[in-house]
Amino acid sequence: MSNQSTSVMSKPEPTKVASVKSMRIALKLIANDAASLAQAANGANGSLHANNNAFAAIKPCSLAETLGATAIQLEIDVSSLDGTSTTATNLNMSFRDYLAQAIERIEQQQTVLLSHPALPYSLLMMPAIVAAKHRCHPHAYLTGMGEGHELADAVQQALTQAKRAHVSPTQIDATHCTSYKDKFFELIQLIGHLATRSLPTENNSENNSKGKQYWFSEMHQSRVASFNFIEAELQHAVVFVQGTELAQASSLLDNTRLFFPISANTVSGIQQQLTQLQSQLNAISSSSASTATNVNHSTLLALMLNNLHAFDHQAAKAAVIMANSIESACTEIDAMLAMLSSSTSEAAANASSDIEYKTPSGSCLMLTANEPLGTNGLCFVYPGVGTVYPQMFSQLPRFFPDLYAQLERDGDVKAMLQADSIYADNAKVTDMSLGELAIAGVGASYILTKVLSEFFNVKPNFAMGYSMGEAAMWASLGIWKHPHSMIEATQTSSIFTTDISGRLDCVRKAWQLNQADDIVWNSFVVRATPADIEAVLTQYPRCYLAIIQGDTCVLAGCEASCKALLKQIGKRGIAANRVTAMHTAPAMLIHREVAQFYQQALHHNEQLEQTAQIKFISAASSQPINVSSLDIATSIADTFCQPLNFTELVNNARKLGAKLFVEIGADRQTTTLIDKIARTSPTVSEPCQAIAVNAKGGDDQTALLKCIAQLISHKAPVSLTCLTQGLANLLASTLKFEVNNIQADATLAPQLEGEQS
């Protein structure tokens, strides 16, 4: 800001800085008028887009807009502030001066609107008590200001005013900004991040909504940020704290993620619905092609919303078309129609045959003469330790902000997901301890259970767990009263730190070793039958057949002994390189301790009644487990300490009535195993299917939608309200944006004509 007076700007204003001491200032982002919104579609420096996560997620608030309409709008000479003025008007005013002006007004119990005409959002500022009186939830609070020649001094001064001197705030560096516009843009960006709970990054322009990382905070602690900038050779810091207003959930569906459920009572009805949908899509495509500016996103979204509302859950048959564009959706429809055309003649010849159809895009259809798999046979499957991966679920918070807010109220989300390890730069799960992996795995299952049960109303008939997944099952399905309390216990219990991991105390005891003796422990996945291994196992007393899972087994124990055994039977093993003695004979030495650890208080009967329809299946029993604290603890200890026969567990679940297995956890560890077991089982002939909610290396959003699509096609009860609500919000904002574009084009057209003439 070269045109400002340094001598004036360098004068300290302690009264303005001190004015924040006695009050909190509530801040609310509100959209500017239509012209500004259209004008700022590409934003400051090209980095603010209409779909930017920090802005598109800001809920419209009529109350805030009403307050904004009566607020004092500070008269800002933008040209002088942005260094383009040719007059001397307001040359001594700065960004900090306008904040001070606003605070002075707010001290008089007035509301203030701070803005820039080139940006789509204004900042409504008012005393926190006024916001509370009007029940206007703020996006953030301004709680302290500081200035000094050193940034650290300015930040500490602001934190002291904010009564948060003990906090290490997230630092927002705006010291590179030289104009009011850029500083104000960075400020509203920050408030948007506080509302969306998304971590600010150094370069927001390169960090699109897909890449946003959740802003984890310490348990029951608000997010705090220091907004730092330079004016008149002084460092300035302003402390902001998160408000009570959460961002609006982003829609799982949009114009690049299409989802059309189809319902009918007959195959010909499905074909008719598909043909009609294709005609509607072609009509939208033709309309867009003939329009000078493509403003038909709203038409496509409206079609998708109407289709979701029209879906008949009671119809006998269902299909789903998923695609990333109108063209690919039409291709998906053509392929499904062709399949139906060729398959109906075969089905007529064999009335008992089933037709199962899935595409890589997620489109699916299941036709059966028998009871659909999802009607009464839905089984949640909880994977074991080691399925978590770096950056898992990084997209979920923007689709389910209310869920994450509730999780923060209930416990420590940061610890539950082991965020310091999972979301660290260059994170490696191989560096995590067994306890950390167990905690993160349960946390992943807990979140996905909440997503399916609370947002899609999916209620399982059965539940089971692979290895430690059995503990995740009880924690996730609302049986244990205080599952969050087990996080710290798992981190500190000798069961996970030294007994069956770490220095392997239970193994030392079983092998009669002392602490000075080295144990080189490993486990190997080997494609072999249990009989292949058991035939020579007695020759290797320090080897254990830990897990049987379809056409593979897991061999664990002394690494040298395991390798020798594998060589003898002529098999190659894939080393897991993980130290855990679960499912081996030494683990039986701590059976009582494991049972005591998992003997947890249960929810009250009223809460347990909501899960009364679930049959809980354990690898330790052929019959469902009684829902009592002792029975649950004993079952977990038995599964934990004894060899695990996952093949037997799956077949037993199928005998009890489970047909549609849904893996509830990170990645798809058990999904592949269950499919293999189902194909090769000689004892159970009933059809079954396994699907996953998540997949490593994929898109969280797409994986979830593919799971929902398959649940629909298998006729599992699924609520689509989550999809319709998000889509309705997106449609409303898209319509507004398209109208603004039309108005902007109408304004610009005469000017262009004049220039051309």
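Residues numbered from 1 in each chain as written. Predicted model: local features only at pLDDT ≥ 70, side-chain atom pairs only at ≥ 80, totals over all residues. Heavy atoms only, no water.

Peer 1: I'm lost on the sheet that holds strand 15 (residues 521-526) in this one. Help?
Peer 2: What links the strands of a sheet is backbone hydrogen bonding, and the strands pair in either a parallel or an antiparallel sense. Spatial strand order, 18-15-17-16-20: five strands in an open sheet with mixed pairing. Only two strands of the sheet have a single neighbouring strand rather than two, namely strand 18 (573-575) and strand 20 (644-645). As defined by bridge partners, strand 16 (residues 543-549) adjoins strand 17 (residues 552-558) across six bridges and the pair is classed as antiparallel. When the sheet's bridge partners are listed, Y544 is paired in strand 17 with A556. (Pairing = 2+ DSSP bridges. Helix = DSSP H or I, 4+ residues; strand = E, 2+ residues; numbered from the N terminus.)

Peer 1: Please explain the packing of helix 19 (residues 434-455) against helix 20 (residues 469-476) as it appears in this structure.
Peer 2: Each pair of packed helices can be summarised by the angle the axes make with each other and by the distance between the axes. Running from N to C, helix 19 and helix 20 cross one another at 40 degrees; their axes reach a closest spacing of 9 Å. On the basis of their axis angle, the class for helix 19 and helix 20 is oblique. Taken as a pair, helix 19 and helix 20 cross one another with a handedness that is right-handed. Along its contact with helix 19, which presents V442, S445, Y446 and T449, the element helix 20 presents A472, A475 and S476. Here the contact of helix 19 with helix 20 is composed, by residue class, of four nonpolar, three polar and no charged. (Axes fitted to C-alpha atoms, helices over the stretch in contact; angles between N-to-C directions. Parallel < 35°, antiparallel > 145°, perpendicular 65-115°, else oblique. Left-handed = near helix turned anticlockwise from the far one by under 90°. Contact = heavy atoms within 4.5 Å. Nonpolar A, V, L, I, M, F, W, Y, C, P; charged D, E, K, R; others polar.)

Peer 1: Just checking my understanding: could you explain the nonpolar core for this structure?
Peer 2: Side chains that are nonpolar tend, in soluble globular proteins, to be buried together. One finds F259, F456, M464, Y598, F661 and L711 to be the most contacted residues of the largest nonpolar core, which totals 160 residues. With eleven residues, the top contributor of residues to this core is helix 19. Each residue touching F661, except ones within four places of it in the same chain, is listed here: C379, V381, M464, V650, A653, R654, I674, C688, Q689, A690 and I691. (Core = buried A, V, L, I, M, F, W, Y, C linked by side-chain atoms within 4.5 Å. Buried < 20%, exposed > 50% of the residue type's maximum accessible area, 1.4 Å probe, protein only.)

Peer 1: What exactly am I supposed to notice about the pairing of strand 21 (residues 660-663) here?
Peer 2: Within a regular strand, the side chains alternate between the two sheet faces. On strand 21, burial covers both faces: L660 and V662 on one face and F661 and E663 on the other are all buried. Strand direction decides the pairing type here: strand 21 and strand 22 (residues 689-692), joined by four bridges, are parallel. Each bridged residue has a counterpart across the sheet, and for F661 the counterpart in strand 22 is A690.

Treat this as a map of the structure, not an account of what it does.
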